[in-house]
Each structure stands twice: as C-alpha cells, then as structure tokens.
Amino acid sequence: MCGIIGYIGTKKASPILISGLLRLEYRGYDSAGISTVEKDGLSIMKDKGRVKNLYNLKGIDDLQGTIGIAHTRWATHGKPSKENSHPHLDNSQSFSVVHNGIIENYHDLRTFLINNGYTFYSQTDTEVIPNLIHYYYSKDTKDDELKVLRAVQSACKDLKGSYAIEVISKYMPNNMIVVRKDSPLVIGKGDEENYISSDIPAILSFTTKFYLLNDNEFAVLSKDNIEFYDISLNKVQKDLKNIDWNASAADKNGYEDYMLKEIFEQPNAIRETIGSRLPENEPCNFEDLNFTKEFLSSINKIYIVACGTAMHAGLTGKITIEQLCNIPVTVDIASEFRYRNPIVDKNTLCIYISQSGETADTIAALKLAKSKCATTLAISNVIGSSITREADYTIYTHAGPEIAVASTKAYTSQVILLNILAVYFAEVLQSTSSENIKNMKKSILELPYKIEDALKTSDAIKNFANKIYNEKDVFFLGRGIDYNTALEGSLKLKEISYIHSEAYAAGELKHGPIALVENGITVISIITDKNLVEKTISNIQEVITRGAKTLVVTNQALPSNNIDVVIDVPDTCVYLSPIVSIVPLQLLSYYISKEKGLDVDKPRNLAKSVTVE
Ligand code: AGP
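Predicted model, so just to flag it, every value in this text is computed and none were measured.

Next up on the list: the nonpolar core. If you look at the biggest cluster of nonpolar residues, it comprises 119 residues, and the most contacted ones within it are Ile34, Ile302 and Ile351. Here this core gets 14 residues from one element, more than from any other, and that element is helix 12 (residues 409–429). Residues Phe95, Val97, Ile103 and Leu113 belong to the second largest nonpolar core, which totals 31 residues.

Taken together, 14 residues surround the ligand, and among them Ser354, Gln355, Ser356, Thr359 and Glu495 come closest. Within the side chain of Ser354, one N or O atom sits 2.6 Å away from an oxygen atom of the ligand. Contacts to the ligand include Lys492, whose side-chain N or O atom sits 3.0 Å from an oxygen atom. Burial of the ligand by the protein amounts to 90% of the accessible area it has alone, namely 410 Å². Sorting the residues of the shell around the ligand by element identifies helix 8 (308–325) and helix 15 (481–497) as the ones contributing at least two each. In terms of residue class, the shell around the ligand is made up of 5 nonpolar, 7 polar and 2 charged. Split by domain, the shell around the ligand shows at least three residues from each of two domains, domain 2 (252–432) and domain 3 (457–595).

Domain boundaries in the protein chain define domain 1 (3–249), domain 2 (252–432) and domain 3 (457–595). Here the C-alpha centre of domain 3 lies 46 Å away from the C-alpha centre of domain 1.

Helix-helix packing is described using two parameters, namely the angle between the two axes and the distance between the axes. Where helix 12 contacts helix 13 (residues 434–455), the axes come no closer than 11 Å and their chain directions differ by 160°. One element, helix 12, and the other, helix 13, form an angle in the roughly antiparallel class. Handedness of the crossing formed by helix 12 with helix 13: left-handed. Between helix 12 and helix 13, the contacting residues are Ile416, Asn419, Ile420, Val423, Ala426 and Glu427 on the first element and Ile437, Met440, Lys441, Ile444 and Leu447 on the second.

The next thing to look at is the sheet that holds strand 20 (residues 393–396). What the 5 strands build is an open sheet, ordered 17-16-18-19-20; its pairing is parallel. In this open sheet, the two strands that pair with only one neighbour each are strand 17 (329–333) and strand 20. Here the average twist between neighbouring strands, direction ignored, is 20°. Both strand 16 (residues 301–306) and strand 17 contribute to a ladder of 5 bridges, which runs parallel. Within strand 17, the position partnered with Val305 by the bridge is Asp332. Contacting strand 16, strand 17 and strand 18 (348–354), helix 8 runs over the sheet at an angle of about 175° to strand 17.

Another point: helix 14 (residues 458–468). Given 3.6 residues to a turn, an α-helix orients residues that are three or four positions apart in the same direction. Among all positions of helix 14, only Ser458, Ile461, Phe464, Ala465 and Ile468 are buried. One face of helix 14 carries all of its buried residues, which in axial projection span an arc of 125°. The exposed residues of helix 14 that point more than 90 degrees off its buried face are Asp459 and Lys467. Tucked inside the fold, the buried residues of helix 14 contact helix 5 (258–264), helix 13, strand 23 (522–527), strand 24 (549–554), strand 25 (565–568) and helix 17 (577–595).

Our next topic: the side chain of Ser94. Within the secondary structure, Ser94 is located in the loop between strand 5 (88–89) and strand 6 (95–103). Ser94 gets classed as buried once you look at its relative accessible area, which sits at 1%. Among the polar contacts listed, one links the side chain of Ser94 to the side chain of Ser92, at a separation of 2.6 Å. Among all residues touching Ser94, those that are not within four sequence positions of it are Leu42, Ile168, Ser169, Lys170 and Tyr171.

If you walk across this open sheet you meet the 8 strands as 3-2-4-1-10-9-11-15, and the pairing is antiparallel. The open sheet has two free edges, formed respectively by strand 3 (41–48) and strand 15 (241–242), since each of these has just one partner strand. Where helix 1 (residues 13–24) meets the sheet, it contacts strand 1 (3–8), strand 2 (31–38), strand 4 (67–73) and strand 10 (194–197), and its direction lies at approximately 155° from that of strand 1.

Among the structural elements, Leu240 can be located in the loop between strand 14 (235–236) and strand 15. Assessed through its relative accessible area of 36%, Leu240 is described here as partly exposed. Dropping the residues within four chain positions of it, Leu240 is found in contact with Lys189, Lys209, Phe210 and Tyr211.

Our focus in this paragraph is the pattern of salt bridges. With the rule as written, the count across this model stands at 30 salt bridges. Of the charged contacts, one joins Arg150 and Asp140 as a salt bridge, the two residues approaching to 2.8 Å between their closest N and O atoms. Placement of Arg150 in helix 4 (residues 147–158) and of Asp140 in the loop between helix 3 (128–139) and helix 4 is noted, with a sequence separation of 10 residues between them. Salt-bridge contacts for Arg338 lead to Asp361; the nearest nitrogen and oxygen are separated by 2.6 Å. Of this pair, Arg338 sits in the loop between helix 9 (334–337) and strand 18 while Asp361 sits in helix 10 (residues 360–371), and the two are 23 residues apart along the sequence. Taking relative accessible area as the criterion, Arg338 reaches 19% and is therefore assigned buried. Judged by relative accessible area, which is 13%, Asp361 ranks as buried.

Another point: the pairing of strand 8 (residues 176–181). Burial runs high along strand 8: 5 of the 6 residues are buried. Hairpin connection, strand 7 (residues 161–169) to strand 8: the antiparallel pair is bridged by 6 residues.

Taken as a whole and assessed by the stated rule, the structure comprises 18 aromatic pairs. Each ring, one from Phe95 and one from Tyr137, has its centre 5.5 Å from the other, and the planes form 65°; the classification is edge-to-face. One end of the pair, Phe95, is in strand 6; the other, Tyr137, is in helix 3, and 42 residues separate them in sequence. Tyr137 matches Phe95 in its accessibility class, with the two residues each being buried. Judged by centre distance (4.7 Å) and plane angle (5°), the rings of Tyr195 and Phe206 are stacked. Here Tyr195, found in strand 10, pairs with Phe206, found in the loop between strand 10 and strand 11 (209–212); they are 11 residues apart in sequence, far enough to count as distant. Of the residues examined, Tyr195 reaches a relative accessible area of 2% and is grouped as buried. Taking the relative accessible area as the measure of exposure, Phe206 reaches 31% and is therefore partly exposed.

Criteria and cut-off values
Residues numbered from 1 in each chain as written. Predicted model: local features only at pLDDT ≥ 70, side-chain atom pairs only at ≥ 80, totals over all residues. Heavy atoms only, no water. Core = buried A, V, L, I, M, F, W, Y, C linked by side-chain atoms within 4.5 Å. Buried < 20%, exposed > 50% of the residue type's maximum accessible area, 1.4 Å probe, protein only. Helix = DSSP H or I, 4+ residues; strand = E, 2+ residues; numbered from the N terminus. Near = heavy atom within 4 Å. Polar contact = N/O pair within 3.5 Å; in protein donor to acceptor, adjacent residues only side chain to side chain. Areas by Shrake-Rupley, 256 points an atom, 1.4 Å probe, with all protein chains shown as cover. Nonpolar A, V, L, I, M, F, W, Y, C, P; charged D, E, K, R; others polar. Domains from an automatic or database assignment. Axes fitted to C-alpha atoms, helices over the stretch in contact; angles between N-to-C directions. Parallel < 35°, antiparallel > 145°, perpendicular 65-115°, else oblique. Left-handed = near helix turned anticlockwise from the far one by under 90°. Contact = heavy atoms within 4.5 Å. Pairing = 2+ DSSP bridges. Arc of directions from axis to C-beta. Salt bridge = Lys/Arg side-chain N within 4 Å of Asp/Glu carboxyl O. Phe/Tyr/Trp six-rings, centres within 6.5 Å; stacked < 30°, edge-to-face > 60°.

The structure is reproduced here in structure tokens:
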C-alpha cells in the first residue's frame with residue numbers, strides 16, 4: 001500500500017526523503033514522488049515506476065529545501081502515471097499534499113470544487129485535498145498563524161474514508177502539517193529535525209523516539225518543535241515513545257533477501273516472543289492482562305479474527321485454546337466477520353491478530369466487536385500500531401521488524417504467543433492438569449532449538465525446489481492441525497512464486513479435488529499428529545497411484561517408502577508442531593521464487609500492510 005515520508009530539519013530534504021521511500025518500497029507501490037519547500041515556492045518531482053528513478057529526474061539535485069514530503073503510490077483511483085503520482089498541488093500551487101488511504105466521497109467533493117472554479121489534472125481521489133484546503137484558506141478572513149491548520153481541519157471535516165495526510169504550504173514555509181484517520185502515520189523526533197513515516201522501520205536509522213497520532217489528530221511540525229491538536233484544534237499533549245528495535249534489525253544483514261533473513265531469524269524471534277512470559281516454576285506472566293478466574297469464567301465464546309497468514313495462526317491457536325481451556329473458539333476472516341453480524345456480547349472475548357497492526361479489515365472488525373460490548377485483545381508486532389490503540393488489551397509478539405511481504409517470523413511468533421496465551425488461560429481457569437501445563441511450557445521453551453534444526457532442511461528443500469519450480473499447480477494436504485500448516489504453506493507458495501496452489505484437508509480429497517490429480521502433479525503433505533499418520537498416508541497413496549510427485553514434511557516414522565521426498569523435522573507437542581513444520585514450506589516457496597528469478601520480498605500486486613479495504 002502507499003507509503004509516506006516527511007522531513008523537516010536543517011539538512012537538504014530530498015536525499016533523506018528518497019532514502020526513506022526506498023525503505024518503504026517493501027509495502028508495494030507503482031509510482032513515487034517528493035515535494036519540497038524551496039525559496040521560490042513548492043517543488044514537485046514525481047513519476048511512475050521505481051523510487052530510484054527519482055534520482056534521474058531533471059532538477060532533483062538542485063533542490064535545496066530542508067522541508068519536504070514524499071510518497072510511494074499503490075494505484076487505487078487512476079492508473080499508475082506521472083499525473084496520478086503524489087504529491088498533488090492545488091490549482092494555485094500553494095499547498096502540496098501526499099495522502100494514503102481512500103477518500104470515499106471524492107466524486108462529490110470534486111464536483112463541488114469544479115463548480116467553484118477548480119480544475120483537476122489527475123484521476124486520483126487525493127487531488128481534491130489540496131484544492132479543498134485552498135478553498136477553505138481563501139474563505140478564511142482571519143490572518144493568524146493557525147490559518148493553514150484551520151484550512152486543513154475544514155478540509156478534513158469534509159473527507160469521508162481513510163487518510164494519512166502530509167501538507168506543506170508556501171504560506172507556512174517553516175512548517176509541515178500532518179493528520180491521520182484509519183491510516184498509519186508515525187512522527188519520529190530527532191535533534192533539530194523531525195520525521196514522518198508510514199511505519200517505524202523506515203526511519204529507524206534516524207531516530208528511535210516516536211510520537212503516535214490518534215485518529216483525527218493533527219500535528220504541526222517545525223524543525224525543533226511539534227504541536228498536537230485534536231479535531232476541534234484544542235492542543236493535546238503526547239508522550240514520546242522509545243522503540244527498542246535497532247536500525248540493523250531493519251537491514252538485510254548479509255542475506256540476499258529480507259524473507260530469507262526473517263526465516264532464519266525465527267529461533268531468536270521466538271525467544272523474544274517467549275521472553276519472560278514463562279518463568280520457571282511459576283505461573284505464566286502476562287503483565288498487561290492480569291485476567292482473573294472470574295473474568296475468564298464469564299467468557300463463553302472466543303473469536304479469533306485476522307487476515308491471511310495471521311488468520312492461519314489463529315486456526316492453530318483455536319485448537320490449543322479449545323483443548324486446554326474448554327472454551328469454544330471460532331476463527332474468522334476479518335473482512336467476513338465485519339459484515340456478517342456476528343453473535344458477540346459482553347461474554348465474548350475477541351482476539352485480533354495483526355503483524356502490522358494496521359490492516360483495515362481487522363481494525364474494523366475490532367471496532368465492531370467493541371460496539372457490541374465484547375472484550376477485545378490485540379496481538380501485534382508493532383508497538384503503538386492502530387490496532388493496539390483500539391483494543392482493550394494488547395500483547396506483542398516482539399518478533400522484530402518484518403519487512404518481506406510474505407510473513408514468516410511473524411506467523412511463528414503469533415502461533416507461539418497464542419499457545420502461551422492458552423496455557424495462561426488454562427492456569428487461571430484451572431481447566432487442565434498441572435502435568436499438561438508443565439509439559440506445554442517445557443515444549444514451548446525447547447522450540448527455538450527445534451526451529452534451528454528445522455532450518456537445516458534448507459539444502460534438501462532447495463533441491464526439491466529446483467525440481468518443481470516450473471509447476472503450474474501444487475496441492476498441499478494435511479489433517480487436523482497439519483491442515484492449518486497446509487493452508488499457510490499454500491499461501492506462501494502462491495504469494496511469492498505465483499504458482500497456483502490449493503490446500504485441502506486430506507480427508508476432503510475424495511470429495512472433489514482428486515479429480516484434478518494427474519500424472520506428474522506435485523502434492524505436498526504435512527504429518528505431525530501421530531493419531532492421524534495412517535489416515536493421511538492413505539490419502540497420499542491415493543495421489544501416488546494417480547502419478548503424483550510427493551513431498552512429506554513430518555516428525556513421525558512413516559510406514560510407506562514410496563514417497564519421493566521425506567523432510568524430517570524435530571518432534572514436538574502436537575499443538576506446537578505447526579511452528580516447526582512450516583519452516584521447510586517457507587524455505588520451499590522462497591527457493592522456488594528465487595529459481596524463477598522473481599522479486600521475493602516484493603511480490604506483484606501485494607502490499608505488506610493492507611491499510612484499505
Ligand atoms: C502474509 O504472507 C501475507 N502477506 C498476508 O496474508 C498478511 O498476513 C495479511 O495481510 C495480514 O497482515 P497483518 O498481520 O499485518 O494484519
């Protein structure tokens with residue numbers, strides 16, 4: 001999705017803006033641009049294509065301004081083109097604006113502005129914003145230092161939809177104004193300089209101190225000051241947050257791609273997720289929750305709501321919570337949950353999982369449950385992200401920044417956190433034996449080492465990837481908890497290799513999909529539940545009989561020896577096995593994508609954080 005960068009300080013803004021945009025590239029985009037405050041007015045440099053093309057634009061080296069805004073655009077309204085790229089100017093060239101999000105009523109606003117003499121040069125929804133600001137600025141008869149802010153406020157009152165907006169103006173040449181509603185934006189505080197970004201990793205190399213804006217809050221920045229205002233332009237105070245991610249965590253650290261780095265970071269990411277939550281011989285420690293037995297006993301239903309990979313993590317969490325705590329759990333896709341009037345009340349606990357904490361559907365689903373009086377708990381990787389500010393409670397995965405679009409370490413840390421949460425609930429509720437709890441804790445603490453071992457399958461997986469990278473269709477099969485891993489393995493493959501793949505509960509095969517199995521097709525299976533080994537093996541035999549090439553990821557001793565490739569992973573408690581068995585499948589999609597020469601970290605059409613519906 002679109003990305004925003006801003007700089008206000010003493011240095012030349014343009015190189016800082018472009019390097020910030022390069023760090024936002026992973027979010028996905030099709031055009032880029034910057035705008036700076038120059039002595040003779042506002043500059044605009046933009047074009048479709050990659051951020052690095054900005055370096056070649058005529059005049060870019062001449063820019064001297066120390067205040068600027070920048071943007072990577074992911075086309076929604078209007079095709080990728082220079083005209084549609086941000087920043088956008090108003091007709092009088094007095095206000096320059098970049099915007100993330102979608103203005104739903106832009107058509108009405110455009111008509112209104114056209115009727116008031118304004119002309120439009122792009123097909124974007126964004127172009128209404130600078131012109132609306134100009135409209136209100138020219139109508140305001142009061143001439144004071146808040147005049148531009150008032151115009152931005154009035155314009156925002158007219159906007160329906162989601163936005164994170166940066167504004168610079170020739171009428172306020174030493175300032176920048178930013179505002180957000182349902183779209184991410186953070187403010188980084190430096191020494192005699194301040195930064196704006198859509199996310200924290202992009203500006204981590206400049207600062208680790210951040211202000212987080214709430215919806216409908218404005219900030220007016222100068223190089224050495226930041227003032228915050230609410231929707232009525234009353235001043236508000238904000239706390240500065242120190243983020244303990246270091247800049248190198250957002251670098252490739254010698255790896256060819258972020259995805260590979262993040263796959264190999266999983267043992268440590270998981271150590272961070274476990275942190276001090278499992279103290280030896282003591283109950284689980286969730287400082288921020290402190291749920292009582294009375295409260296948890298009042299919960300008669302849990303929803304886990306998320307999108308994509310985060311939803312797959314939820315499917316696995318469901319199994320552990322149901323088995324250890326005896327509370328029914330429904331896992332829902334956020335974009336479905338929010339529109340299907342779910343049965344939710346004060347006795348419902350709704351858990352929302354989002355790596356970025358900015359996924360529009362997940363946030364909307366959370367707001368819906370809150371409006372129905374449910375207790376809401378967010379699981380996120382990004383401190384202070386939007387979802388964490390909406391939820392009643394938040395627990396963090398602490399997996400470190402995840403840059404690659406394909407989620408890997410965030411997934412495994414989400415699964416492990418849900419398992420720790422299940423153990424915590426079970427301890428409070430006394431819903432399972434202390435022996436079970438003890439075994440679960442031991443298995444969780446051993447997991448980082450098991451993932452280290454699972455990573456050793458890398459060479460064998462690379463060999464298999466070399467054999468199948470030209471395939472058009474791949475099937476993933478699994479039963480029980482392994483079906484969840486099949487779903488996640490299949491999603492990873494689709495995302496970054498563009499190979500069509502389907503995941504099926506192995507028992508469903510005979511109910512339709514087996515019609516697609518023909519000579520030479522690749523079928524990948526996962527077997528980690530000892531109670532289901534024979535059942536899944538029978539299904540694998542059915543596809544072998546029909547000529548399939550087979551790979552099985554397992555921690556069990558398998559009875560059959562006519563499987564083409566068996567990838568052994570370390571054994572662990574069945575609830576935790578997805579954390580280990582997904583590792584070879586992450587590596588498989590990575591190596592296939594590499595073999596096909598694709599952009600692993602930035603697959604086509606995808607964005608790291610999906611901030612619009
Ligand atoms: C994962 O590989 C995907 N890129 C995607 O499914 C992702 O998990 C989903 O968009 C949810 O993102 P979130 O965790 O940031 O909410």
